[in-house]
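# Examining the three-dimensional arrangement
Here is what each chain is made of, one letter per residue.
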Amino acid sequence: MPDRADRPNVYTIPSHRSFADALAAGVLARFGRDPMTLARGRILLPNNRAVRAVTDAFVRASEGGLLLPRLIPIGDPELEDRVGGALDPIEQREPVPPAIEPLEHLLKLASIVPGESSAEKLRLAGDLARTLDALLIEEIAPNELRRAVSESDELAKHWERSLSQLQVIYEQWPLILKDRGLLDLAERRNRLLRRMADGWSHSPPDGFTVAAGVTTSAPAVAELLRSIAWMPEGWVVLPGLSLSDVLPDEEWDALGPDDNGRGEETHPQFHLKLLLDRMGVGRGEIQRWRQAGRAFSSPARARSVANAMAAPEFSHKWQTLSAAQRRLTGIRLAELPDSTSEAQAIALALREALETPDKTAALVTPDRQLAARVAALLARWGISADDSAGTPLSKTPTGTLLLAIISAAAEDLGPVPFLALAKHPLVGGEGDDRLAWLDTVRELDIKLRGPRPAAGLSGLDAQLGSVRGWHLVRKRFEAIDGMLSQPLPVAALARKIADAAQVLAGDAAWRGPAGRMAAELLMELQSSESAAAINLDGNGALAFLRDVFDQQAVRPPYGGHPRIFIWGLLEARLQRADLMILGGLNEGTWPALPAPDPWLPPKVRADLNMPGLEFRIGLAAHDFASALGAPEVLITRARRDARSPTVASRFLLRLDAISGGLPRQLNLERLVRVLDDPGPPHPVSRPEPVPPSEQRPDRISVTAVDRLNADPFAFYAQAILRLKALDPVDDESTARWKGTEVHKVLEEWQLHDGCDPEKLRARAESLLQHEAVHPMVRALWSPRLLEAIDWIANMERENQGAGRLPLKAEATGETAIAGVTVHGRADRIDRLADQSLAIIDYKTGAPPTQKAVDAGFALQLGLLGLIGRAGGFEGVSGDPDTFEYWSLTRHKGSFGKLMCPDKDMQPGEFLDHAYRHFAEAAGKWLTGGEPFTAKLNPAYAPYGDYDQLMRLEEWYGR
């Protein structure tokens, strides 16, 4: 490498070589003989992630100890990366003011953005921050923005409103920061880089200076690179720039940008051409880097990839390319049916790579969910491969704890968020304390089944007060009760969240990288003046905190598998593995859809010569083309995601088109299918358990007899296995709940009001105001219930007029029938004028049909009559002679129906009928040895609580 030439020292490392390894090999070859010379040099890199990648490359290349040159990030405002300390010296005659913190940046913008609510302001402020950064990076002056807006005709009204607001904010924003002695992060980087460029152009620093891997075309960056390129010991090394032997001059020149600032932004070389134009360097002045490093492929493949990525107006050349110019040897494709299968295929390919000694393999994908799935699947073989792109703070234990606190507060300690928080792995202590805590929380879970209790701790007290240990759980949730009963300033909210987390989880909430990051964020919010001026309600607070946590990546420490890696696109730009697996090659993932900009219309962007919204597609294309330079490449995609069929990435379709179809990795696809394949299905037969006689119950409820007759297996599961279906937590007002509550109303009406017809409606109206009744349910149920209740009141008036008086409500009793103790509860027992008894059963649904009664599948009233005849109801004497179902269901155009199951029978025949059918059932299943056959009489077995247990779908109808 010459010290000085008649052209700038600009080099490119071709895309078929590993950039970081080739860079390290070249620097060591030039300066490695003298350790002090190496240590006096500096290498400027795009961001902190690149610093880590190049550090690893030097370690690999040195094969021992060495003094590294200073590796300095120039910072990336879009990643909230700051300029490295070596470019920001403390001892400056005119120090550059510090940059505003990113979170404070967002909050301050939210305080000046117009919006209907604080939540909307924060959302708009996030978009505005990105737009301001784009304007500042491109160094667009306020007057230029004003000119571009004034020259833009025929803009829609909403664009005009957005632009007018943007102009005011863009002009005032620097003044707002200046009053606080601060700068925007992008503006501060511009000043530092321009100051450094000016200083180095007049007085170059001691030692060599290399700018490597920097591809951003920002004017300040381009000026710094230009000054480095002309320094005596300065080099600019660009990644994957196609020289004329790969991309012909005609295609290079056609990339643009033209006089209007427009060009082929989606082409993988566009951003590099834009950078060279701003540096004032021609492509013919660029030299090829000599050293190759490790993990490289053939130059022929790089040329084929460049042909595949040709701009649309030159894609017609594919028809005339020779086979050698189309060949993509070493690149394979695996198409999987869904995302789960794709992750499994990638994990298998990574695991297979370990069978070759010293072979390295990496997954590269912008899909963080796919990366997380692969990391989890690799754990099957004990392989730790953390995603180097990091895990969002919102997905870490600490992040989910803080979000769960906000969710519980926003819903006023509703059952679902309350239990989710109580069961969080950081809550409840450790060891034996945690086990005891979980035992208590499981009891609370059972008690919270059904409709939602009243809001707050007072509502939970009413429902959970009887649970042992509730008072201990309650103490930890006192800090959350009423936290968001009214909107709170963000600063106060952050303090309350931190206090609640400390009470719930103690120091465990703040351990590890995620805990420290969360603590710092909350401290920053508490001390922020802007945060104190923004009030948020529950929903707004949850959305804001989740957005903030989503943008904070917790990166794994060193210590993962030495040969298996998972990289995001940024991490993969400068490094290479022997096997590169490019995952998620679908439209919308790679490349991602351009993010809309609600502040700056595309026409104004073009007039300002700013990169368009599709500029990032070109960056993604360059990342893709560079990753194809590995010795082995496996491309994967899922034909369907969780929602719908997918469309293959435009990049993959180009490779398929030019090569005639990439070779398929069929063995991998087959292996995925068979890895977890359980084999052909073997459906079970109808269950017919035969428990021994000592396990068969000698007591049975009158309500369980019908289940025993219709579905013996369901009775077996309930009475012998003692399995009970649980209602969902925070359930709706189900028919079962409505029936229970109506029964309570009728019981209290009889016990406290003596069945006074004039007092029944008021009790029903009180039920409808219950907090568990959803307003929609109340509106629909109210007219039906009240009409049925009025029908019952009229029935009571008629009965009392006939000398019939209520005797007892909810009467319990039992007696021995056919060798089995039968017990039950009568909703109501009346004394008739002739001193006989009437047994009544309330039904909020339809009563049993007469056909079911005659067939012996509705024995409840008959068995209660047998208990009454035997004197089984305490304090009740007399012979039952009348049996009635009072149903609240619709009948003949109105609500309310009286059904008498014995209407076609002679006196006493109904009880004999019940005795005969019960004795037959008891002799089969309770005192006999009959199997408990599933769905024996399905027409009379409408409930499906145990259908899954009996695996109904496998045998029913087969």
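Refer to the structure presented above.
Computed from a predicted model, the values in this text were never measured in an experiment.

Bringing the environment of Arg958 into the picture now. Relative to the elements of secondary structure, Arg958 occurs in the segment after helix H38 (952-955). If we skip the residues at most four places from it in the chain, Arg958 touches Pro683, Val684 and Ser685.

A rise of 1.5 Å per residue sets the reference length of helix H1 (residues 19-31), with its 13 residues, at 18 Å; its end C-alpha atoms lie 18 Å apart and thus fit the reference within 8%. Counting buried residues in H1 gives 10 out of 13 residues, a clear majority hidden from the surface. Within the span of H1, buried status applies to Phe19, Ala20, Asp21, Ala22, Leu23, Ala24, Gly26, Val27, Leu28 and Phe31.

What follows deals with empty space enclosed by the protein. Applying the stated rule across the entire model yields two cavities of 30 Å³ or more. Looking at the second largest cavity, its volume works out to about 30 Å³. Considering the residues around the second largest cavity, the lining is formed by Val364, Leu569, Ala572, Arg573, Asp623, Ser626 and Ala627. If you list the elements that add at least two residues to the lining of the second largest cavity, you get helix H25 (569-572) and helix H27 (615-627). Tallying contributions element by element places H27 first for the lining of the second largest cavity, with three residues. Of the residues assigned to the lining of the second largest cavity, the class counts are four nonpolar, one polar and two charged.

Grouped together as the largest cluster of nonpolar side chains are 130 residues, with contacts concentrated most on Met279, Ile405, Phe418, Leu421, Phe477, Ile480 and Phe544. Sequence-distant contacts of Leu421, that is, excluding residues within four places in its chain, are made with Leu401, Ala404, Ile405, Ala408, Val427, Phe477, Ile480 and Leu504. Within the second largest apolar cluster, 47 residues are counted, among which are Ala714, Leu864, Phe873 and Tyr885.

What follows covers the pairing of strand E16 (residues 632-638). When you tally the buried positions in E16, you get six out of seven residues, the bulk of the element. Bridging between strand E7 (residues 331-336) and E16 involves six bridges; their strand directions are parallel. The partner of Leu336 across the bridge, within E16, is Ala638. In terms of strand pairing, strand E15 (residues 579-582) meets E16 through four bridges, oriented parallel. Bridge pairing in E16 links Met580 to Val633.

Across the interface, helix H12 (residues 299-308) lies against helix H28 (residues 650-659) with an axial gap of 9 Å and an inter-helix angle of 110°. By the angle between their axes, H12 is roughly perpendicular relative to H28. Between H12 and H28 the crossing geometry is right-handed. Side by side, H12 and H28 meet where Ser304, Asn307 and Ala308 of the first sit next to Arg654, Leu655 and Ile658 of the second. When its residues are assigned to classes, the contact of H12 with H28 shows three nonpolar, two polar and one charged.

To continue, consider the pairing of strand E2 (residues 42-45). Burial along E2 is two-sided: the residues Arg42 and Leu44 and Ile43 and Leu45 are all buried. Across four bridges, E2 lies against strand E3 (residues 70-73) in parallel orientation. Paired with Leu44 across the bridge in E3 is Ile72. The handedness of the E2 to E3 crossover, carried by helix H3 (residues 48-62), is right-handed. With three bridges joining them, E2 and strand E4 (residues 209-212) adopt parallel strand pairing. When the bridges of E4 are listed, Arg42 appears paired with Thr209.

This part takes up the pattern of salt bridges. If you walk through the whole model with that rule in mind, you get 52 salt bridges. One salt bridge connects Arg288 with Asp245, and the closest N-O pair in it is separated by 3.1 Å. Of this pair, Arg288 sits in strand E6 (residues 287-288) while Asp245 sits in the loop between strand E5 (234-239) and helix H10 (249-254), and the two are 43 residues apart along the sequence. Among the ionic pairs, Arg637 bridges to Glu335, the shortest N-O distance being 2.5 Å.

Strand order in this open sheet of six strands is E3-E2-E4-E5-E1-E6, and the pairing throughout is parallel. On the outer flanks of this sheet lie E3 and E6, each paired with one strand and no other. Across the sheet, helix H9 (residues 219-229) lies against strand E1 (10-13), E2, E4 and E5, angled at about 125° from E5, the strand it touches most.

Quick look at unusual backbone geometry now. For the bond from Gly256 to Pro257, the omega torsion is 5°, close enough to zero to count as cis. Cis geometry is adopted by the peptide bond preceding Pro591, which originates at Trp590 and carries an omega value of 10°. Of note, Pro591 is situated in the loop between E15 and helix H26 (602-607). The phi torsion at Glu810 lies on the positive side, around 50°, for a residue other than glycine. Within the secondary structure, Glu810 is located in strand E19 (residues 805-817). The phi dihedral of Arg951 falls on the positive side, at around 55°, and the residue is not glycine.

Criteria and cut-off values
Residues numbered from 1 in each chain as written. Predicted model: local features only at pLDDT ≥ 70, side-chain atom pairs only at ≥ 80, totals over all residues. Heavy atoms only, no water. Helix = DSSP H or I, 4+ residues; strand = E, 2+ residues; numbered from the N terminus. Contact = heavy atoms within 4.5 Å. Expected span 1.5 Å × (residues − 1). Buried < 20%, exposed > 50% of the residue type's maximum accessible area, 1.4 Å probe, protein only. 1 Å grid on protein atoms, 1.4 Å probe; cavity = no way out; pocket = protein on both sides within 12 Å on 5 of 7 lines; lining within 4 Å. Points joined across faces, edges and corners; volume = space filled by probe spheres on them. Nonpolar A, V, L, I, M, F, W, Y, C, P; charged D, E, K, R; others polar. Core = buried A, V, L, I, M, F, W, Y, C linked by side-chain atoms within 4.5 Å. Pairing = 2+ DSSP bridges. Axes fitted to C-alpha atoms, helices over the stretch in contact; angles between N-to-C directions. Parallel < 35°, antiparallel > 145°, perpendicular 65-115°, else oblique. Left-handed = near helix turned anticlockwise from the far one by under 90°. Right-handed = clockwise from strand over helix to strand, strands pointing away. Salt bridge = Lys/Arg side-chain N within 4 Å of Asp/Glu carboxyl O.

Limitation: the analysis is restricted to geometry and does not speak to function.
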